[in-house]
Number of protein chains: 2
Amino acid sequence: MSVIDETHDPRRESWVTSAKGHAEFPIQNLPFGVFSPSRGAPRGGVAIGDEIFDLRAGLEAGLFSGDAARAAEAAAGATLNPLMALSSGPRQALRKRLSALLFADNPERARIEALSAQLLHNASDCTMHLPAAIGSYTDFFAGIHHARNGGMRRDPNNPLSPNYKYVPVAYHSRASSVRPSGVAIRRPNGQRKLPSEDAPSYGPCRKLDYELELAIWVGPGNALGEPIPIARAGDHLFGLGLFNDWSARDIQQWESQPLGPFLGKNFGSTVSPWIVTTEALAPFRVPQPARPAGDPRPLSHLWDETDQREGAFDIALEALLMTEGLGAKGLPPHRMSASNTTDLYWTVAQMIAHHSCNGCNLAAGDLFGSGTISGPTTAGYGSLMELSNDGTREITLASGETRTFVEDGDEVIFRAHCRKAGCAPIGFGECRARII
Amino acid sequence: MSVIDETHDPRRESWVTSAKGHAEFPIQNLPFGVFSPSRGAPRGGVAIGDEIFDLRAGLEAGLFSGDAARAAEAAAGATLNPLMALSSGPRQALRKRLSALLFADNPERARIEALSAQLLHNASDCTMHLPAAIGSYTDFFAGIHHARNGGMRRDPNNPLSPNYKYVPVAYHSRASSVRPSGVAIRRPNGQRKLPSEDAPSYGPCRKLDYELELAIWVGPGNALGEPIPIARAGDHLFGLGLFNDWSARDIQQWESQPLGPFLGKNFGSTVSPWIVTTEALAPFRVPQPARPAGDPRPLSHLWDETDQREGAFDIALEALLMTEGLGAKGLPPHRMSASNTTDLYWTVAQMIAHHSCNGCNLAAGDLFGSGTISGPTTAGYGSLMELSNDGTREITLASGETRTFVEDGDEVIFRAHCRKAGCAPIGFGECRARII
């Protein structure tokens, strides 16, 4: 687990003016991403306030040495995979050095600030890319309220499958169609059959949904055949983002037996471009919520005392919907739900240990979805399937419009923040995409 | 669809002595793979008899020009992905040129044969690699006899799920753990629970199985959001190989609800190193077997007259098992089953059209498994699950040993051949791996 150090000190301010009290990217956050400046090739950067610190420019200016330089070089290219493959030593060294460089009371401040035209880009002038070349994308199912809500439609008496409390259930999904926040998603066509229909037909999805998930970015990988022990699984987490696992419910419902979701998911997914690192998240570690009485204790390869004590995260999540009707009336996006990562039944370390427990090889830049994170009540349901009860209950927006599923032109926006007394709040930026 | 031309002429012989009448790699085959010579980096090559033609050496010797040179350059590196991304024009030009270069009656023969020390490597001195960097691996379920045999355990009255005859059912599996033929596979550990047990436990797989599948290598891809029409789907097939979708049945049975197979599959898969191209397979195209009376006609996005007429392949498959007991008695591998790709319910073009019909983007070097290809009777069952009826029926080998599932030290070997009157028979080489 990463340590809390001076980089987290809430009194610490940056000389970058927009970073002061920034709701997402104060100096305590320092998330990594890949961006293109208005003129220039994709490269690694760090969000600071409304600016992006250009790691390539920092290297060219000779601002890094030793381990920090090694990490900055690994982060300066068109993907962060080389950075993700490094152990925590160089990553922590880079974080410390970045924090020092951007610190208002930095003794080098005058020299660094004088370079700011080279080092900093206004984020609004830049294009964000996928932060990594995603080798594999695996979607977990660790949001227990979502799993229960989905299972109610299958078997109201036993909504959770018998393995749910033993196995961090997951399936492989499609890496090639993951796109960064802001890229529009096309409503998919597909084969679908409603239970009321005699035969399937092919056409546009009639139940297009979003799923509010955490994006979990894998750091150093493991060799094929060599499981990652739960006690070391945390070392294989690079950081977190937000993930929209767009779901075509009608396609999914018809295709999923017996081998699981496929075309109902792989037409496109949206990930937030900034990765909040395990180092930045250190103050927001919390104990894994106790399992309800009667729930089985996980098998020993999924059980670690330290992980139970500090392996979960306290991250407040919200899903918002922007429609043309809301825009026409000058109204803000409609808040659909709010939940928290403490609603996950399994920790990230348990997911990593499970995924590799048969020897499956993970690699730096692999992406996990957490599974839809729903709260226990309607106010926290992280998908329209749950909010509209599979289309049977209309949701009324502030504009007077109603929704059961996503309409063309709608934009879905996820946000997330960590807040804790005695800590500077940090945010994840947005994960947003419009349906066309 | 590719055409039959002089490269397929059964009277054609190569000046490479071992290629004459070669059961796998006569001059009519010319499959592509990636190999390392005993001293040298990985590069593209073409199997000819017991030799490998080195495409990089051929380029250096100036043997290619125009489209053929473009294709040879794309095939000369450490992966065939660039070759796979080309359209059929350059690929056909390269095939024609290779066939001419290796042809016994080639007017350039003296000059080419004089270069043979550079151009040819003895295959037994070379190491074979994965032929491509596999972006995504998708496993279909198109072997209807296998699907029915599996479904009998769920519901003997309705062994096929309601979607089976409408949807070429598939799921995403793991690209990172696919290994070339010859690499040993470690018996996975995992969480498993037999129906007779009260709770799951973690330990070595107790029902390790193989699955006899076709490896389907995707050629040119499509852009996200742009489905590949069935009439053009054949243009997106680069070629075929053999695939062993190793399956840990006990892990799979416990984990698969509700999202499908995961750790029961992703601990390792084995693919044959040579890709038999669509061009080489042209003479072995056959009509898609007629659907039984009463089966629904596929929806129009999966239906093409030309595909029905010539979209299937006639490829004879066999699965063999080599054990220590057989080896000790000097006995050959035991033939477990023989089946044919005509046992597939869906054509490759239907798989490609289905996979992309929602806009999912395929890429050159993506790999599909066909699904286990079982024949209609026990003699053709392509997995031990079927042959042993989930472990309840022992299979006796010529050595007197018995098997229900794969034991440590066992080696599973797949072979495949195309044979047709008036054609030179061609083979796929082997897909083999030992369990350790």
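Residues numbered from 1 in each chain as written. Chains lettered and ligands numbered in written order. Predicted model: local features only at pLDDT ≥ 70, side-chain atom pairs only at ≥ 80, totals over all residues. Heavy atoms only, no water.

### Brief notes about the packing of aromatic side chains
Aromatic rings in a pair are described by how distant their centres are and how their planes are angled relative to each other. Taken as a whole, this structure holds 22 aromatic pairs over all chains when the rule is applied. An angle of 80 degrees between the planes, with centres 6.4 Å apart, marks the rings of Phe262 of chain A and Phe140 of chain B as edge-to-face. Taken together, the residues span two chains, with Phe262 of chain A in the loop between helix H9 (249–255) and strand E15 (269–271) and Phe140 of chain B in strand E6 (residues 137–140). Of the aromatic side chains, those joined through ring pairs into one cluster are Phe141, Tyr164, Tyr345 and Trp346 of chain A. A cation over a ring is seen here: Arg291 of chain A above Trp346 of chain A, with NZ or CZ 4.6 Å from the ring centre. (Phe/Tyr/Trp six-rings, centres within 6.5 Å; stacked < 30°, edge-to-face > 60°. Helix = DSSP H or I, 4+ residues; strand = E, 2+ residues; numbered from the N terminus. Lys NZ or Arg CZ within 6 Å of the ring centre and 35° of its normal.)

### Some points on the relation of the copies chain A and chain B
Overlay of chain A on chain B (RMSD 0.0 Å): rotation 180 degrees, translation along the axis 0.0 Å. On this basis, the relationship between the two copies can be described by a two-fold rotation axis. No C-alpha of chain A lies nearer the rotation axis than that of Gly260 of chain A, which sits 2.1 Å from it. (Least-squares fit on C-alpha atoms with pLDDT ≥ 70 in both.)

### Side note on the pattern of salt bridges
Applying the stated rule across the entire model yields 46 salt bridges over all chains. Arg206 of chain A serves as the salt-bridge partner of Glu197 of chain A, at 3.3 Å between the closest nitrogen and oxygen. The class for Glu197 of chain A is partly exposed, based on a relative accessible area of 22%. The partly exposed category is assigned to Arg206 of chain A, whose relative accessible area is 40%. Linking Glu211 of chain B and Arg249 of chain B is a salt bridge whose minimum nitrogen-to-oxygen distance equals 2.7 Å. On the criterion of sequence distance, the pair formed by Glu211 of chain B in the loop between strand E11 (208–209) and strand E12 (212–218) and Arg249 of chain B in helix H9 (residues 249–255) is long-range, its members being 38 residues apart. In this pair, the class of Glu211 of chain B matches that of Arg249 of chain B, namely buried. Overlapping salt bridges, with partners in common, bring together Asp209, Glu211, Asp245, Arg249 and Lys265 of chain A in one network. (Salt bridge = Lys/Arg side-chain N within 4 Å of Asp/Glu carboxyl O. Buried < 20%, exposed > 50% of the residue type's maximum accessible area, 1.4 Å probe, protein only.)

### Brief notes about helix H2 (residues 66–75) of chain A
Listed in full, the buried residues belonging to H2 of chain A are Ala68, Ala69, Ala71, Ala72, Ala74 and Ala75 of chain A. Along its buried surface, H2 of chain A packs onto strand E2 (43–48), helix H1 (55–60), helix H3 (81–84) and helix H4 (88–102) of chain A. (Contact = heavy atoms within 4.5 Å.)

### As for the sheet that holds strand E1 (residues 32–36) of chain B
Residues and elements named next belong to chain B. One open sheet holds the five strands; their spatial order is E4-E3-E2-E1-E5, and the pairing between them is antiparallel. If you trace the sheet from one side to the other, it starts and ends with strand E4 (120–122) and strand E5 (127–128), each paired once. Its contacts with the sheet place helix H4 (residues 88–102) against E1, strand E2 (43–48) and strand E3 (51–54), and it is angled at close to 120 degrees to E3. (Pairing = 2+ DSSP bridges. Axes fitted to C-alpha atoms, helices over the stretch in contact; angles between N-to-C directions.)

### Considerations on the nonpolar core
Core analysis: the largest hydrophobic core is formed by 156 residues, its most contacted members being Tyr210 and Ile315 of chain A together with Tyr210 and Ile315 of chain B. Residues Ala19, Ile27, Leu119 and Phe238 of chain B belong to the second largest nonpolar core, which totals 46 residues. (Core = buried A, V, L, I, M, F, W, Y, C linked by side-chain atoms within 4.5 Å.)

### What to know about the packing of helix H2 (residues 66–75) of chain B against H4 of chain B
Between two packed helices, what matters for the description is the angle formed by their axes and the separation of those axes. All names here are of chain B. Their axes nearest at 7 Å, the elements H2 and H4 cross at an angle of 95 degrees. Taken together, the axes of H2 and H4 are roughly perpendicular relative to one another. Residues Asp67, Ala68, Arg70, Ala71 and Ala72 of H2 lie in contact with H4, whose contacting residues are Gly89, Pro90, Arg91, Ala93, Leu94 and Arg97. Among the residues making up the contact of H2 with H4, the classes are represented as six nonpolar, one polar and four charged. (Parallel < 35°, antiparallel > 145°, perpendicular 65-115°, else oblique. Nonpolar A, V, L, I, M, F, W, Y, C, P; charged D, E, K, R; others polar.)

### A short note on the sheet that holds strand E4 (residues 120–122) of chain A
Residues and elements named next belong to chain A. Read from one edge of the open sheet, five strands run E4-E3-E2-E1-E5, paired in antiparallel fashion. Each edge of the open sheet is held by one strand with a lone partner, namely E4 and strand E5 (127–128). The pairing of strand E1 (residues 32–36) with E2 spans four bridges and is classified as antiparallel. From the neighbouring strand, Val34 faces E2, where its bridge partner is Gly44. Against the sheet, H4 touches E1, E2 and strand E3 (51–54), its axis set at about 120 degrees to E3.

### Describing the confidence of the model for chain A
When the pLDDT values of chain A are averaged, the result is 97; 100% of them are 70 or greater. Our summary of model confidence lists the complex with pTM equal to 0.97 and ipTM equal to 0.97. (pLDDT = per-residue confidence, 0-100.)

### Some words on the interface of chain A and chain B
Interface extent is often summarised as the accessible area lost during association of the parts. Taken together, the contacts link 55 residues of chain A with 55 residues of chain B. Both faces combined, the contact of chain A with chain B buries some 5,000 Å², and carbon together with sulfur accounts for 59% of it. Put simply, chain A and chain B have two salt bridges between them. Put simply, chain A and chain B have 26 residue pairs in polar contact (both at pLDDT 80 or more) between them. Counting residues per element, the ones that place at least two in the side of chain A that touches chain B are strand E7 (170–173), strand E9 (189–192), strand E10 (201–204), H9 and helix H13 (348–356) of chain A. If you tally residues by element for the side of chain A that touches chain B, the top one is E7 of chain A, at four residues. (Buried area = accessible area lost by both parts, 1.4 Å probe. Polar contact = N/O pair within 3.5 Å; in protein donor to acceptor, adjacent residues only side chain to side chain.)

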